Amino acid sequence: RGQGWGWLNGRMAQVEELGGNRVRLTVDVSAHELEHAREHATADLAESVKIPGFRKGKVPKAVLVSRIGRDRIWTEAIESHIGGWFWNAAARARLRPVAAPEYAFDALPAGDAEPWTFTAEVAVQPTPEIVDWTTLEVPRPEAEVPEELVEQELEALRRSVAGLLPVERPAEEGDTLVVDLISPSGETQSDTIVQLGSGRLVEEIEHSLVGARGGETTTVEYEVADGSTTQVEVRVKQVHESVLPEVGDELARSASEFETLAELRAEIEGRILDALEQEIDAQFRSAAVDELVRASGVQAAGPLVESRARELLDGFLRSLARRGIAPEQYFQVTGQTPEVLASQVRAEAAQSVARELALEALAERAGIQVSDDEVRELIREQAEAAGEDAEAMIADIWAHGHQESLREDLRLRAALDRLAADVKRISTEQAAAREAIWTPDKEKPPAETKLWTPGSEESA
């Protein structure tokens, strides 16, 4: 296969195989996108170029062109946009570059009313050869609803409709108290309802209330956010204990829309079963793609893995920052080292890329395609969930060429759907029996810390 063609935003990108996993990608840039790039470059240069008599950002376009020349503007436009044009074209052509591309073009654009063409030579990750996935056997356990989960749900319902009975005894965990909270300045928060053990108040105050009786007053000192200490006077007015209804038809009528306990239990069991089925299905799909990777001997290494590892590590560090945790604190608390974390992240990155390569090969063999309408429908769903204008979001995504990454994500999801539907499902008992009869070709890689499916964003 010497060359191929891929459509990108209504224009064609030619892919020529050069050997040694290198390709030459020829991309036609539309006149509309050239104009967009030139306008951006003009605005950027107007902000940075100093021209006597004009403030930055206020230089008229004609003056700017006359002072610095059109070639300078086109050079800025091409340098700042060619990378985006290349990566969009590579995504549409389903190429996975593993190195920086080498760009070439005959001349700068003659104007923004005509299209322009450039080429890029780059090393790419080859699509792996995969086995016939319909022959793979993947265990899938049957979902069983544990009785204790149903009982926990019923107990939570009992507590949600529990009555309160005043008592004269000392307060115990789970009791509900009515208290006044008085600050050192005399400001009073009257008739505050506190359920001991709920964590609504600071730990020191709740702890001081265990064993308290109605009419008692105590002063509690505690630490505030800036590290200093303050105190509050707590006056206990009433102590109530919860009176839980019996588990029966009356509970069903008072805590739900059902008339009988049997109906309520059936609804709870069905809800738990649905959740378990979803969890089992997610695990089964992950196991299926891992089995495809293993059976096909798909290996991922090099720049793709290193780039993915950096993405995963950056995402993990951002997740720590959102929780107010510094990396040093994380390592101190977990006992982990930066070297071990980096090794784990790299292993996860390698497995993640291997899964994508295997699914991409499956999509290629199965002829899976994703239409523009399917991409637009995904964007509409995301816009609706975010409360944004769907059509405006679609227009913006298409204007910047970002629809290709969404298309590829949908294509990999469809490939995973196909894989999960086609593999042979076996019971966990069958899988265990076959694992007991070990042969070298059945040896599996160590389990990863996080299972991947297309569309997942954040690591660790």
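Being a predicted model, the structure only gives us computed values, none of them experimental. (Residues numbered from 1 in each chain as written. Predicted model: local features only at pLDDT ≥ 70, side-chain atom pairs only at ≥ 80, totals over all residues. Heavy atoms only, no water.)

Would you explain the overall build of the protein chain in this entry?
When you go through the protein chain residue by residue, the secondary structure sums to 14 helices and 12 strands. The buried share of the protein chain, reckoned over its 460 residues, is 36%. Put simply, of all contacts in the protein chain between residues at least 6 apart along the chain, 66% involve residues at least 24 apart. Accessible surface for the protein chain amounts to roughly 26100 Å². Of this, 50% is attributable to carbon and sulfur atoms. (Helix = DSSP H or I, 4+ residues; strand = E, 2+ residues; numbered from the N terminus. Buried < 20%, exposed > 50% of the residue type's maximum accessible area, 1.4 Å probe, protein only. Contact = heavy atoms within 4.5 Å. Areas by Shrake-Rupley, 256 points an atom, 1.4 Å probe, with all protein chains shown as cover.)

I'm lost on the packing of helix α11 (residues 372–386) against helix α12 (residues 390–399) in this one. Help?
A packed helix pair is summarised by two numbers, namely the angle formed by the two axes and the spacing between the axes. Relative to each other, α11 and α12 sit at 125°, their axes nearing to 9 Å. With respect to their mutual orientation, α11 and α12 come out oblique. Between α11 and α12 lies a crossing of right-handed hand. Only Ala390, Glu391, Met393, Ile394, Ile397 and Trp398 of α12 make contact with α11, whose side of the interface consists of Asp372, Val375, Arg376, Ile379, Arg380 and Ala383. (Axes fitted to C-alpha atoms, helices over the stretch in contact; angles between N-to-C directions. Parallel < 35°, antiparallel > 145°, perpendicular 65-115°, else oblique. Left-handed = near helix turned anticlockwise from the far one by under 90°.)

So what exactly am I meant to see when it comes to the confidence of the model for the protein chain here?
Low pLDDT means the predicted atomic positions in that stretch should not be read closely. Averaged over every residue, the pLDDT of the protein chain is 84; residues scoring 70 or more account for 87%. Here residues 1–12 scores under 50 on pLDDT; set against residues more than four positions off or in separate chains, the count is 34 contacts. Contacts of residues 444–460 to residues separated by more than four positions or lying in other chains number 39 contacts, the stretch itself having pLDDT below 50. (pLDDT = per-residue confidence, 0-100.)

Before we go on, may I ask you to explain the packing of aromatic side chains in this structure?
Two aromatic rings are characterised by how far apart their centres lie and by the angle between their planes. Under the counting rule described, the total for this entry stands at eight aromatic pairs. With 5.1 Å between their ring centres and 75° between their planes, Phe86 and Trp87 make a pair best called edge-to-face. By way of ring pairs, the aromatic residues Trp85, Phe86, Trp87, Tyr103, Phe105, Trp116 and Phe118 are connected into one cluster. Here the basic side chain of Arg376 rests over the ring of Trp398, its NZ or CZ set 4.7 Å away from the ring centre. (Phe/Tyr/Trp six-rings, centres within 6.5 Å; stacked < 30°, edge-to-face > 60°. Lys NZ or Arg CZ within 6 Å of the ring centre and 35° of its normal.)

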